[in-house]
Amino acid sequence: MRGQMMEQPLLISSLIRHAEAYHGDTAIVSRALEGGIHRYTWGEAAVRARQLANALLGLGVGPGDRVGTLAWNGYRHLEAYYAISGVEAVCHTINPRLFAEQIVYIINHAEDRVLMFDLTFLPLIAQIRPQLTTVRHFVLMSDREHLPRPVSNDEVLCYEDLVASHSDSFEWPAFDEDTAAGLCYTSGTTGSPKGVLYSHRSTVLHALASSLPDSLHVSAESCIMPVVPMFHVNGWGLPYSCAMNGAKLVLPGAKMDAVNLFELIESEEVTMAAGVPTIWLMLLQHCEQNHLRIRSLKRVIVGGAAAPESMIEQLAEHGVELRQLWGMTELSPCGTTSTPKFHHRDLDREAMCRLHMRQGRPIYGVDIRIVDDGGLPLPHDGKAFGNLQVRGPWVLAQYFRQEAASPAHTADGWFNTGDVSTIDPDGYMKITDRTKDVIKSGGEWISSIDLENIMVGHPAVAEAAAIGIEHPKWDERPLMVVVLKPGAAAAREELLAFFGGKIAKWWTPDDVVIVNELPHTATGKLQKMRLREMFRDYRWPQA
Ligand code: AMP
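Per chain, residue numbering runs from 1 following the sequence as it is written. Totals for whole chains, interfaces and linings use all residues, but because this is a predicted model, local features are given only for residues with pLDDT of at least 70 and pairs of side-chain atoms are given and counted only at 80 or more. The side-chain figures draw on all heavy atoms in the structure; neither hydrogens nor water molecules are used.

Asks: Please provide a residue-by-residue account of the site of the ligand, values included.
Replies: The nearness test applies per residue and asks whether one of its heavy atoms lies within 4 Å of the molecule or strand. Lining the immediate environment of the ligand, one finds 14 residues, of which Leu325, Thr329, Asp419, Arg434 and Lys525 sit closest. Distance and chemistry together define a polar contact, namely a pair of N or O atoms within 3.5 Å, with one atom able to donate a hydrogen and the other to accept it when in protein, and with adjacent residues in sequence counting only for side-chain atoms on both sides. Contact distances for the ligand include 3.0 Å between a nitrogen atom and a backbone N or O atom of Gly304. Here an oxygen atom of the ligand sits 2.7 Å away from a polar atom, N or O, in the side chain of Thr329. Alone, the ligand offers 490 Å² of accessible surface; in the complex the protein occludes 90% of this. In DSSP terms, a helix is any run of H or I states spanning at least four residues, a strand is any run of E spanning at least two, and both are numbered starting from the N terminus. Looking at the shell around the ligand element by element, the count peaks at four residues for strand S14 (residues 321-327). Of the residues assigned to the shell around the ligand, the class counts are five nonpolar, six polar and three charged. Residue exposure ignores everything except the shown protein chains as possible cover, and the areas themselves are Shrake-Rupley values with a 1.4 Å probe. Gly is placed with the polar residues, together with every amino acid not listed as nonpolar (Ala, Val, Leu, Ile, Met, Phe, Trp, Tyr, Cys and Pro) or charged (Asp, Glu, Lys and Arg).

Structure representation (structure tokens):
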């Protein structure tokens, strides 16, 4: 027997319609690339998104066409998110931090028809344009004043002209909720980047589940600043979940440095912000150096890489709760959060800190398990660690335009994350490594993440990476590679002694090497493979 409820497809346009109807006066504040602060409301954003939708149709964009964006966190990018998917096209967010050749590969592979880009990327577009084989229209996301001169419409269209010259009279069309809506390429460290194609249904369900109090806790009572770029997994879905809940939205533009972020948090009374650990390390250092106190912020969501203990403690001193988020491009991206349970309410600060050092428990809709190398499920006892697998309605089923069966999926429908973790009886997952980054010493695994977390707790250390180096007796032993804070000094012995009493003795790295900088991927993650290459010829001091 079928239920007898209304059949309404879950479409992204429903989010902006809701925001306009019930939160029309709620503010969206952006640091504009042209300079200054841009302010308007969800109501005005909805009107301009409809004008842009008409403009896209006028450019010949049709169902399934890919429209690329090379843009920071700003109001025009937000409008593009809604206008593109709203006309049944696919919003393809491109990571501008990738190398030019990778950007060219991605745009050509996605066969983008239209490319919309921020002012910052004019020189990049001029450089790569001859290699872009499918793009018919280039749209500069700015006004006429900022167009390069002389310029014809064949060369570059002006976003503001397009919007102004089209009516806002537009009914968001209804179509199948499984229609593709967004495309994001993973910045994998090996092989060509792979496309993850989100649907309207997966995006709306993800927005719903990631808004929950135990997830990111998005509410009309919040003022939210996504520092995570909108070109990286849809800004963790916040441009959607903020519309769904009518939250005030603060978009920091291209200026993601500590001074500008701190200023925006203060002036806009941001209550929740989300970003990778590097951002919060930077912000905390800025506060420490200038004796500043973070006032309005109640919670930061930290994801993309593990949150170190020292950061959790320092934020707590500012009265800010850290909530860890684990996710992946392939998961839209939210998978788990470190939100405590009722029975954790009496935990002291230290125990609470330990809880938040775990990547957390699954949000509704995501299932997790760990398996051994033979694919057999391992117990959720907080001790056994194995390959982390996930499944759920916003988890990737197949990479974009990859015809063969996905090697990342198991026969029984789970997705292999490439992370290695434990899961405790309460369901909290703790990542110990990436599959390819584990350090195996005498047949036992050492968690490079634990070593790194401890090392960045040393007052002189800005960043740290642990890698396995061949060892004649133990196969591999951990080597710690460290970047010191500007002006700080610390000897090798002092850094090694810092591990004393914090971990099993045999986990202590055999050596520490101080370097000027560590290699990072385009999304700011440590590039372990490159680091291992750099230390290929390293020899242990005693060997
Ligand atoms: P990406 O698809 O670029 O967002 O990368 C996803 C990967 O980032 C995951 O598979 C993890 O290895 C890592 N990652 C994401 N969140 C966390 C976290 N909270 N702690 C540790 N690693 C994380």
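The discussion continues.
Asks: Any chance you could break down the sheet that holds strand S4 (residues 90-93) for me, citing the residues and the numbers?
Replies: Any two strands with at least two DSSP-identified bridges between them are counted as paired. One open sheet holds the seven strands; their spatial order is S7-S6-S5-S3-S4-S8-S9, and the pairing between them is mixed. The two strands at the open ends of the sheet, each matched to only one other strand, are strand S7 (157-158) and strand S9 (194-199). Both S4 and strand S8 (residues 180-186) contribute to a ladder of three bridges, which runs parallel. Within the sheet, the bridge partner assigned to His92 lies in S8 and is Leu183. Sheet strands touched by helix H3 (residues 75-86): strand S3 (66-70), S4, strand S5 (112-117) and S8. Its angle to S4, the strand with the most contacts, is close to 145°. Lying over the sheet, helix H4 (residues 100-110) contacts S3, S4, S5 and S8, oriented at roughly 150° with respect to S8. A contact between two residues is defined here by any heavy atoms of the two lying within 4.5 Å. Here an angle of 0 to 180 degrees is reported between the N-to-C directions of two axes, which are lines fitted to C-alpha atoms, with helices fitted over the stretch in contact.

Asks: Residues and numbers for unusual backbone geometry, please.
Replies: Excluding glycine, most residues fall at negative phi; most peptide bonds, likewise, are trans. At the junction of Ser332 and Pro333, the peptide bond is cis and its omega measures out at 10° in the coordinates. Despite not being glycine, Glu88 has its phi angle at roughly 75°, a positive value. Take Glu88: it is sitting in the loop between H3 and S4. Relative accessibility thresholds used throughout: buried, under 20% of the residue-type maximum; exposed, over 50%; partly exposed, between the two (1.4 Å probe, protein chains only). Using a relative accessible area of 21% as the deciding quantity, one classes Glu88 as partly exposed. A positive phi angle, close to 75°, is found at Ser332, a residue other than glycine. Take Ser332: it is sitting in the loop between S14 and strand S15 (334-337). Classification of Ser332 by relative accessible area gives buried; the value is 5%.

Asks: Can you explain the nonpolar core? Please cite residues and give values.
Replies: Among the nonpolar cores identified, the biggest contains 86 residues, and Trp42, Leu52, Tyr82 and Met116 are the most heavily contacted of them. Broken down by element, this core gets its largest block of residues, eight residues, from helix H2 (residues 42-58). Taken together, domain 1 (13-256) and domain 2 (367-434) each give at least three residues to this core, which thus spans both. Those residues in contact with Met116, other than ones at most four positions away along the chain, are Leu52, Val67, Gly68, Thr69, Leu70, Ala80, Ile84, Val139, Met141 and Tyr159. Within the second largest apolar cluster, 30 residues are counted, among which are Val90, Phe117, Tyr185 and Ala522. Take the buried residues of types Ala, Val, Leu, Ile, Met, Phe, Trp, Tyr and Cys, join any two whose side-chain atoms come within 4.5 Å, and each joined set is a nonpolar core. An automatic or database domain assignment supplies the start and end points of every domain.

Asks: An account of the pairing of strand S11 (residues 248-251) is needed here, citing residue identities and associated values.
Replies: In S11, alternate side chains face the same way, and those of Lys248 and Val250 on one face and Leu249 and Leu251 on the other are all buried. Pairing of strand S1 (residues 27-31) with S11 involves three bridges; the strand directions are parallel. Pairing of Ile28 across the sheet is with Leu249, part of S11. When strand S10 (residues 223-226) meets S11, the two strands line up parallel, connected through two bridges. Residue Cys223 lies in a different strand from S11, and its bridge partner there is Lys248.

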